[in-house]
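What follows is the residue order along each chain.
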Amino acid sequence: MMIAVSTGHGAKVPGRSHVSGGEMENTDPTRDPAEQESIDESTLASGEEALSQLMADYEIKLGEMRELVLRERAELDNQRKRLQRDLDQARKFANERLLGELLPVIDNLERALAADVAESGGMRAGVEMILKQLLGVATSAGLIVVDPLGEPFDPERHQAMSLVEGNGQATNTVVAVFQKGYVLNDRLLRPAMVNVAQ
């Protein structure tokens, strides 16, 4: 860029500004003010566009991170619920094996009570007391007796040994119970073995 400066004798020196009446005059013929203004506006618009794009990119990343946090939070909540459910199940059925092993004892006591024994006085009373205590312990642990005599046959809780004449009983009614069933906290531990009227 060449700028001319007045020397007082009317000459112009390259690279300087020409002074006339105390004012500076831009003598660069290559600078167009309109073009310079257009360049400035273009640069500003370009910067704004880049900033907008950068903000949009960060908004997308922020949304992805928020979604990831929500997914992880939901997964942790699901794991907590599953763990609590497993603990509840373990607590409810912790005595299942013990009670299953006690069932034959209960069966034997009931058979002894059902036997026609001459000496039935004190011994029978003792056995009844033991059975009552044993059933009380089992009941407190969640065990429920299934004794369906006279009830409709339920394949979910009863096991039919045979079909017999009803003798006045309605069809599909339990007319005899060979062995009682047991339910532990709504889960079948053993079905009742029965005869069913046909």
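Fair warning: this is a prediction, and the values are worked out from it, not measured in the lab.

1. So, the layout of surface pockets
Approximately 170 Å³ is the volume attributed to the largest pocket. If you go around the largest pocket, the residues you meet are Asp107, Glu110, Arg111, Ala114, Asp147, Val177, Phe178, Gln179 and Lys180. Looking at the lining of the largest pocket, the elements with two or more residues in it are helix H2 (96–114) and strand S7 (174–179). Sorting elements by how many residues they give to the lining of the largest pocket places H2 first, with four residues.

2. Digging into H2
Here H2 is 19 residues long and its end C-alpha atoms lie 27 Å apart, about the 27 Å a rise of 1.5 Å per residue gives. Its maximal kink placed at Leu102, H2 deviates by approximately 25 degrees, while the proline Pro104 follows within four residues. Among the residues of H2, Leu99, Leu103, Ile106, Asp107, Leu109, Glu110 and Leu113 are the ones counted as buried.

3. Examining the packing of aromatic side chains
Inspection of the entire model under this criterion finds zero aromatic pairs. For the cation-ring pair, Arg187 lies above Phe93, with the distance from its terminal atom to the ring centre recorded as 3.6 Å.

4. Some words on the nonpolar core
Judged by nonpolar contacts, the single largest core of 13 residues is most densely connected at Leu99, Leu103, Ile106, Leu109, Leu131, Leu143 and Tyr182. Counting only elements with at least two residues in this core, the list comes to H2, helix H3 (122–140) and strand S8 (181–184). If you tally residues by element for this core, the top one is H2, at five residues. Counting seven residues, the second-largest nonpolar core is a separate cluster that includes Phe153, Val183, Ala192 and Val196.

5. Here's the deal with the sheet that holds strand S10 (residues 192–197)
One key point about sheets: their strands pair by backbone hydrogen bonds, in either a parallel or an antiparallel sense. The strand order across the open sheet built from three strands is S6-S10-S7, with neighbouring strands paired in mixed fashion. Both outer strands of the open sheet, strand S6 (158–164) and S7, are each paired with one neighbouring strand and no more. Averaged over neighbouring strand pairs, the angle between their axes works out to 30 degrees when direction is ignored.

6. Quick notes on the environment of Leu113
For Leu113, the location among the structural elements is in helix H2. Those residues in contact with Leu113, other than ones at most four positions away along the chain, are Arg124, Val127, Glu128 and Leu131.

7. Examining unusual backbone geometry
We note that Asn172 has phi near 75 degrees; this positive angle belongs to a residue other than glycine. Within the element layout of this structure, Asn172 appears in the loop between S6 and S7. Of note, the phi angle at Asn185 is positive, near 50 degrees, even though the residue is not glycine. As for its position among the elements, Asn185 is in the loop between S8 and strand S9 (187–190). Judged by its relative accessible area of 26%, Asn185 falls in the partly exposed class.

Cut-offs used in this document
- Residue positions within a chain follow its written sequence, with the count starting from 1.
- It should be noted that, the model being predicted, local features are given only for residues of pLDDT at least 70 and side-chain atom pairs only at 80 or more, the latter also being counted only at that level, while totals for whole chains, interfaces and linings use all residues.
- Derived side-chain values reflect all non-hydrogen atoms in the structure, with water molecules and hydrogen atoms excluded from consideration.
- Only protein atoms enter the 1 Å grid used here. Points where a 1.4 Å probe fits but cannot escape make up a cavity, open sets with protein on both sides within 12 Å along at least five of seven lines make up a pocket, and a residue lines them when an atom lies within 4 Å of a point.
- Grid points are joined across faces, edges and corners, and a volume is the space filled by probe spheres set on the points.
- Labels follow the DSSP assignment, with helices taken as runs of H or I lasting at least four residues and strands as runs of E lasting at least two, numbered in each case from the N terminus.
- Helices are assigned an expected span. That span is 1.5 Å times one less than the residue count.
- Fitting one axis to the seven residues ending at a residue and another to the seven starting there, the bend at that residue is the angle between the two axes.
- To sort residues, take the accessible area from a 1.4 Å probe on protein chains only and compare it with the maximum for the residue type: under 20% means buried, over 50% means exposed, and anything in between is partly exposed.
- Here a Phe, Tyr or Trp ring, Trp counted by its six-membered ring, pairs with any other such ring whose centre lies within 6.5 Å, and the pair is stacked when the planes are under 30 degrees apart, edge-to-face when over 60, and tilted otherwise.
- Any Lys NZ or Arg CZ that is within 6 Å of a ring centre and within 35 degrees of that ring's normal is treated as a charge sitting over the ring.
- Residues grouped as a nonpolar core are buried Ala, Val, Leu, Ile, Met, Phe, Trp, Tyr and Cys residues, joined through side-chain atoms within 4.5 Å.
- A pair of strands is labelled paired if DSSP reports no fewer than 2 bridges between them.
- For helices, the axis comes from a line fit to the C-alpha atoms of the stretch in contact; other axes are also lines fit to C-alpha atoms, and the angle between any two N-to-C directions lies between 0 and 180 degrees.
- Two residues form a contact once any of their heavy atoms are found within 4.5 Å.

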